[in-house]
Structure formats: structure tokens, C-alpha cells
Amino acid sequence: MIPLESLEYLMRCCSQALSDITDEDRGRLADLILSAKRIFIFGVGRSGLVGQTFAIRLVQLGLQVYFVGDMTTPILRKDDFLLLISNTGKTISVVTTAQIARRIGTHVACVTSDRDSKLAQNSDTVLLVHSADRKVDSEMAPLGTVFEDAKFLFFDTIVPDLMRRLGRSETDMRNNHAIWV
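Throughout what follows, the structure given in this document is the object of discussion. (Residues numbered from 1 in each chain as written. Predicted model: local features only at pLDDT ≥ 70, side-chain atom pairs only at ≥ 80, totals over all residues. Heavy atoms only, no water.)

### Quick word on a nonpolar patch on the surface
Logical step 1: Together, Leu 4, Leu 7 and Met 11 make up an exposed nonpolar region whose accessible area comes to about 300 Å².
Logical step 2: Along the chain, the position of Leu 4 falls in helix α1 (residues 4-17). (Patch = residues over 30% accessible without salt bridge, like charges linked within 9 Å, V, L, I, M, F, W, Y side chains within 5 Å. Areas by Shrake-Rupley, 256 points an atom, 1.4 Å probe, with all protein chains shown as cover. Salt bridge = Lys/Arg side-chain N within 4 Å of Asp/Glu carboxyl O. Helix = DSSP H or I, 4+ residues; strand = E, 2+ residues; numbered from the N terminus.)

Here you go:
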């Protein structure tokens, strides 16, 4: 059983972390996703895992999505869209990916907690998740827990809008769900 205190704490922290992301921001990200020929997502560590779960949702919506670093990921092109995720905005491989994509002319969006980070400076669109600048109880939410949980919830808030705009139902998504047996 989940201790109610921990759940309430994380819910409160995630709500605060996402407080500056507006409906306009969500709509802009949805527009970027829907206007791209192909969508590329990248993050390292737990940020990468959250990015992969969002990529799965987009695939289930019928979109062409790749996770940067996978062996079968094609080369990025100008008409593609790149979404990068890094709490600090300093992860070298993520920042380098942003720099390369910008040189190509690809639209780069990032989700980070640092508006002044190298990643934010190398992105066209910055979605700010306030987690690093808020005092967090490390016993209730160690390391980047608030950032990871908040961005997971944020990405899940975009899915219903994409479903509506694409005219997809949960049944349609289920038809694109990985079934191994």
C-alpha cells in the first residue's frame, strides 16, 4: 500500500513543477509533433526512459517516431522534429544532439528545469519543468524524481489532445500496441 503522505507529496511537487507550462505550451508541442514528417526523441537515464514511454504513446497514435541512439534510428533531417529531455540541460550527449540538429535546420524542443542551460540555449522551443529550483524533500523524492514524474504526467496530458486532433480512439491505439503473444 502506498503511504498517502508520499503520494500527496509527489502530486503536490509535480503540480508545482508544471505550474508554468500553459495550455498554449501543450498545444505548441502538439502542433510540432503533428507537423513533423518524423519525430525523434532523446534523453539519457531516467529522462530517456520517460522519453521512450512518450515515444510508445506516439507510435500507438500511428506516428513515425524514433528514439535517438537505437540502432535502427535513421539520420535526422530538416523536416523532422526533435524532442530532448534533460533535467539539468547539461547532459553532453543531449546538448550535442541539439547542436547538430540545429545545424541541420531541424526544429528542436526541450524539456528541462534550467532555462539558462546549454540545452535550452540550443533549442527552438523550451518547456520548463520547475523541479531543480524548488526545495524537495530528498527522503520523499530523491534525485530527479520530481522532474521525471512531472514530465511523465506532462507528456500524458498531450496524448488526449493528439488523439482528438488525429481522430484516433483508444481502440485505434490498441491496434498499434505491441503484442508479443
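### A few points about helix α6 (residues 145-166)
Logical step 1: A rise of 1.5 Å per residue sets the reference length of α6, with its 22 residues, at 32 Å; its end C-alpha atoms lie 32 Å apart and thus fit the reference within 8%.
Logical step 2: Restricting attention to buried positions, one finds in α6 the residues Thr 145, Val 146, Phe 147, Glu 148, Ala 150, Lys 151, Phe 154, Phe 155, Ile 158, Val 159, Leu 162 and Met 163.
Logical step 3: Two residues or fewer past α6, Gly 167 is found with a positive phi of approximately 70°. (Expected span 1.5 Å × (residues − 1). Buried < 20%, exposed > 50% of the residue type's maximum accessible area, 1.4 Å probe, protein only.)

### Quick notes on the pattern of salt bridges
Logical step 1: Throughout the structure, instances matching the rule amount to nine salt bridges.
Logical step 2: Arg 164 is the salt-bridge partner of Asp 161, the closest N and O atoms lying 2.4 Å from each other. With Asp 161 and Arg 164 both in helix α6, this residue pair falls three residues apart, about one helical turn.
Logical step 3: We classify Arg 164 as exposed; its relative accessible area is 60%.

### Quick look at α1
Logical step 1: Relative to the 20 Å expected for 14 residues at 1.5 Å per residue, α1 spans 20 Å between its end C-alpha atoms, a close match to the ideal helical length.
Logical step 2: Among all positions of α1, only Tyr 9, Cys 13, Cys 14 and Ala 17 are buried. Mapping the buried residues of α1 onto a view down its axis gives an arc of 125°, with all of them on the same face. Turned more than 90 degrees away from the buried face of α1, the exposed residues are Leu 4 and Met 11.
Logical step 3: Close packing links the buried residues of α1 with β5 (125-128) and α6. (Arc of directions from axis to C-beta. Contact = heavy atoms within 4.5 Å.)

### With respect to the pairing of strand β4 (residues 107-112)
Logical step 1: In terms of burial, β4 is a largely internal element, five of the six residues being buried.
Logical step 2: As paired strands, strand β3 (residues 81-85) and β4 are joined by five bridges and run parallel to one another. Across the sheet, the residue bridging to Leu 84 is Cys 110, located in β4.
Logical step 3: Handedness of the crossover joining β3 and β4 through helix α4 (residues 92-104): right-handed. (Pairing = 2+ DSSP bridges. Right-handed = clockwise from strand over helix to strand, strands pointing away.)

### Quick notes on the nonpolar core
Logical step 1: In terms of nonpolar packing, the biggest core is built from 52 residues, with Ile 41, Leu 58 and Phe 155 touching the most fellow members.
Logical step 2: At nine residues, the largest contribution of residues to this core is made by α6.
Logical step 3: When near neighbours in sequence (up to four residues on either side) are disregarded, Phe 155 contacts Leu 29, Val 50, Phe 54, Leu 83, Ile 85 and Val 111. (Core = buried A, V, L, I, M, F, W, Y, C linked by side-chain atoms within 4.5 Å.)

### So, the environment of Leu 61
Logical step 1: Along the chain, the position of Leu 61 falls in the loop between α3 (46-60) and β2 (65-67).
Logical step 2: Here the alpha-carbon distance between Leu 61 and Leu 162, two residues 101 residues apart in the chain, equals 7.9 Å.
Logical step 3: Non-local contacts of Leu 61, meaning those with residues more than four positions away in its chain, are made with Val 159, Leu 162, Met 163, Leu 166, Arg 168, Met 173 and Asn 176.

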